[in-house]
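# Residue-level structural notes
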Amino acid sequence: MLTTMTNHHKVIVIGSGPSGLTAALYSARANLNPLVIEGFEAGGQLMLTTEVENFPGFVDGVMGPELMDTIRKQAERFGTTYISQDVTDVDFTSRPFKISVGEDTYTADTVIVSTGASAKMLGLENEKRLMGRGVSTCATCDGAFFRDQELAVAGGGDSAVEEANFLTRFATTVNLVHRRDSLRASKIMQDRAMANPKIKFHWNSVIEDVLGEQSVRGLKIKDTVTGDTRELPLKGVFVAIGHTPNTSLFKDKLELDDAGYLVVGDKLTNDWDPKSPYATRTSVEGVFGAGDVVDHTYRQAITAAGMGCQSAIDAERWLETLGQ
Ligand code: NAP
């Protein structure tokens, strides 16, 4: 590979959601001057969120992007530097580890992987074609474009219900289209949605097609019980059906589970030291993992931030054992 620039860091953090930025903050305060390769979609999933009411410290809640910007500046204050590009390759076969960003190569004594997870799509041809023209995965970004229009949200989890509630600020009606007859979302979110007169529930319903030429004009919906199909005229659909871990870069390089999530700590089968005290260790010694790229159970900003903190402490202690 062509190398036009070499730049060595003690700690490189890949990813800039709550886990990556918290890892950077802790590493920076330990005088490790971390480099965060934050990616083109810097800030992670909270950039696509509206109000965050459950991150401790904010009595009245905080907007997701504002929270991320604040943590980014906080880490910067202690010496974190940032690159707003995507990592294109990694080489963890020997130390220092090599990380490619296009034609530039960065080396690191330790790497913290916190690349998060990305929104899943329904997989329809027209969903892809009409993305940004009525199809969206981000109510915060696009909700305001649909003032006084009818909308739909696909999914039945917390994300779908949260997006539906948020979109009622703009929309005349929000159709929540869910493939089963009960929601997966938490009780408090369900209650809020059920009490919202602007949300209309379509149970046992799957979206078979997104209709429209230049922009969305409706959905074709199939009832999974009766097999009947019907058209729902509306202007926008927000897809909120879960996430996929961003681990394609690490395939065959770090141990991943069947769903593609990064395996860390005691769950490792390729463990370089089962007695190791580092809970965020990956299958490669010196590489640590944190946040939604690891965790498919809790997936909260605060748990991701907590794991980011753990990974930075692990990395710092591991560096100390090398005498660095
Ligand atoms: P999720 O909990 O995995 O829910 C995904 C939803 O989409 C499920 O209802 C699922 O249906 C449906 N779905 C999946 N694939 C589908 C497909 N191909 N076609 C149609 N429907 C499909 O994902 P999430 O809502 O994004 O939440 C992820 C995690 O983040 C959860 O732990 C959640 O509690 C958390 N979260 C919390 C908050 C909050 O507390 N404020 C907000 C957002 C998310 P089934 O139910 O039939 O499987």
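Residues numbered from 1 in each chain as written. Predicted model: local features only at pLDDT ≥ 70, side-chain atom pairs only at ≥ 80, totals over all residues. Heavy atoms only, no water.

### Concerning the overall build of the protein chain
So the rule is basically this: The helix and strand labels rest on DSSP assignments: H or I over at least four residues marks a helix, E over at least two residues marks a strand, and numbering proceeds from the N terminus. Any two residues whose heavy atoms approach within 4.5 Å are treated as being in contact. Charge counting follows a simple rule: Lys and Arg are positive, Asp and Glu are negative, and His as well as the terminal groups are ignored. Working definition for charges: the position is that of NZ of Lys, CZ of Arg, CG of Asp or CD of Glu.
Looking only at helices and strands, the protein chain features 7 helices and 19 strands. Projected onto the principal axes, the alpha-carbon positions of the protein chain cover approximately 65 × 40 × 40 Å. Once local pairs closer than 6 in sequence are excluded, the contacts in the protein chain between residues at least 24 apart make up 62%. Within the protein chain, one finds 32 positive and 43 negative side-chain charges whose respective centroids are separated by 3 Å.

### Observations regarding the packing of aromatic side chains
Going by this rule: Between the rings of Phe, Tyr and Trp (Trp by its six-membered ring), a pair exists once the centres lie within 6.5 Å; its type follows the angle of the planes, with under 30 degrees stacked, over 60 edge-to-face, and the other angles tilted. Categorising residues by exposure relies on relative accessible area from a 1.4 Å probe, with only protein chains included: less than 20% of the type maximum marks a residue as buried, more than 50% marks it as exposed, and the intermediate range marks it as partly exposed. Each ring is checked for a lysine NZ or an arginine CZ that lies within 6 Å of its centre and within 35 degrees of its normal; such an atom marks a charge sitting over the ring.
Under the counting rule described, the total for this entry stands at 9 aromatic pairs. Geometrically, the ring pair formed by F55 and F58 is tilted, given 6.3 Å between the ring centres and 50 degrees between the ring planes. According to the relative accessible area criterion, F55 is buried, its value standing at 12%. Accessibility expressed as a relative area gives 31% for F58, which makes it partly exposed. Members of the aromatic cluster, each reached through a chain of ring pairs, are W272, Y278, F288 and W318. The ring of Y82 is capped by R72, whose NZ or CZ atom sits 3.9 Å from the centre of that ring.

### A look at the pattern of salt bridges
We apply this condition: Salt bridges are counted wherever a side-chain nitrogen of Lys or Arg sits within 4 Å of a carboxyl oxygen of Asp or Glu.
Inspection of the entire model under this criterion finds 9 salt bridges. Ionic pairing is found between E208 and K220, a salt bridge with its closest N-O pair at 3.9 Å. With a gap of 12 residues between them, E208 in strand β14 (residues 205-211) and K220 in strand β15 (residues 218-223) connect regions that are remote in the sequence. E208 gets classed as partly exposed once you look at its relative accessible area, which sits at 32%. What you see here is one network of salt bridges that share partners, running through D266, D271 and R281.

### Here's the deal with a positive patch on the surface
Operational definition: Like-charged residues within 9 Å of one another, or nonpolar side chains (Val, Leu, Ile, Met, Phe, Trp, Tyr) within 5 Å, are grouped into patches, provided each residue has over 30% relative accessible area and no salt bridge. Only the protein chains shown count as covering a residue, and every accessible area follows the Shrake-Rupley method with a 1.4 Å probe.
On the surface, a cluster of positive charge is contributed by K120, R179, R180, R184 and R299. By the secondary structure assignment, R180 is in the loop between β12 (173-177) and α6 (187-194).

### Some thoughts on the sheet that holds β14
Here is the rule: Pairing between strands is defined by DSSP: at least two bridges between the two strands are required. Note on method: axes are straight lines fitted to C-alpha atoms, helices fitted across the in-contact stretch only, with angles between N-to-C directions ranging 0 to 180 degrees.
The sheet built from 3 strands is open, its strands ordered β14-β15-β16 with antiparallel pairing. Here the strands that pair on one side only, and so sit at the sheet edges, are β14 and β16 (229-233). Across the sheet, the mean angle from the axis of one strand to that of its neighbour is 30 degrees, orientation sign disregarded. As defined by bridge partners, β15 adjoins β16 across 5 bridges and the pair is classed as antiparallel. The residue bridging K222 from the neighbouring strand is T229, located in β16.

### Focus on the environment of S283
Along the chain, S283 falls in the loop between β18 (243-245) and β19 (287-289). Judged by its relative accessible area of 16%, S283 falls in the buried class. When the C-alpha positions of S283 and V101 are compared, they lie 23 Å apart, and in sequence the two are 182 residues distant. With residues near it in sequence (within four places) discarded, S283 still touches K253, L254, E255, L268, N270 and W272.

### Side note on α6
We count it as follows: This arc is taken over the directions from the axis of the helix to the C-beta atoms.
All of the buried residues along α6 are M189, Q190 and A193. Down the axis of α6, the buried side of the element spans an arc of 100 degrees, and every buried residue falls inside it. What points out from α6, more than 90 degrees from its buried face, is the exposed set K187 and I188. If you follow the buried residues of α6, they end up packed against α5 (158-167) and β13 (199-202).

### Section: the site of the ligand
The cut-off we apply is this: Residues are labelled near a given molecule or strand when at least one of their non-hydrogen atoms is within 4 Å of it. Here a polar contact is recorded for every N or O atom pair within 3.5 Å, except that within protein the pair must consist of a potential hydrogen donor and a potential acceptor, and residues adjacent in sequence are included only if both atoms are side-chain atoms. Residues were grouped as follows: Ala, Val, Leu, Ile, Met, Phe, Trp, Tyr, Cys and Pro as nonpolar; Asp, Glu, Lys and Arg as charged; and all remaining residues, including Gly, as polar.
Taken together, 17 residues lie near the ligand, and D158, S159, E162, R180 and R184 sit nearest. For the ligand, an oxygen atom lies 3.3 Å from a polar atom in the backbone of G157. The separation between an oxygen atom of the ligand and a polar side-chain atom of D158 is 2.5 Å. Protein coverage of the free-state accessible area of the ligand, which is 920 Å², stands at 77%. In terms of residue count, α5 provides more of the shell around the ligand than any other element does, 3 residues in total. Looking at side-chain class alone, the shell around the ligand contains 2 nonpolar, 9 polar and 6 charged residues.

### Some thoughts on the domain arrangement of the protein chain
Rule in force here: Residue ranges labeled as domains rest on an automatic or database domain assignment. By buried area we mean the combined loss of accessible area, with a 1.4 Å probe, across both parts when two parts are placed together.
For the protein chain, the assigned domains are domain 1 (6-118 + 243-321) and domain 2 (121-239). For domain 1 and domain 2, the distance between their C-alpha centres works out to 32 Å. Each partner contributes to the interface: domain 1 provides 7 residues, whereas domain 2 provides 9 residues. For the pairing of domain 1 and domain 2, the buried interface totals around 580 Å² over both sides, and the portion due to carbon and sulfur atoms is 50%. The tally of links from domain 1 across to domain 2 stands at 1 salt bridge. For R192, the salt bridge is made with E53, and the minimal N-O distance between the two is 3.6 Å. Counting every contact that joins domain 1 to domain 2 gives 0 residue pairs in polar contact (both at pLDDT 80 or more).

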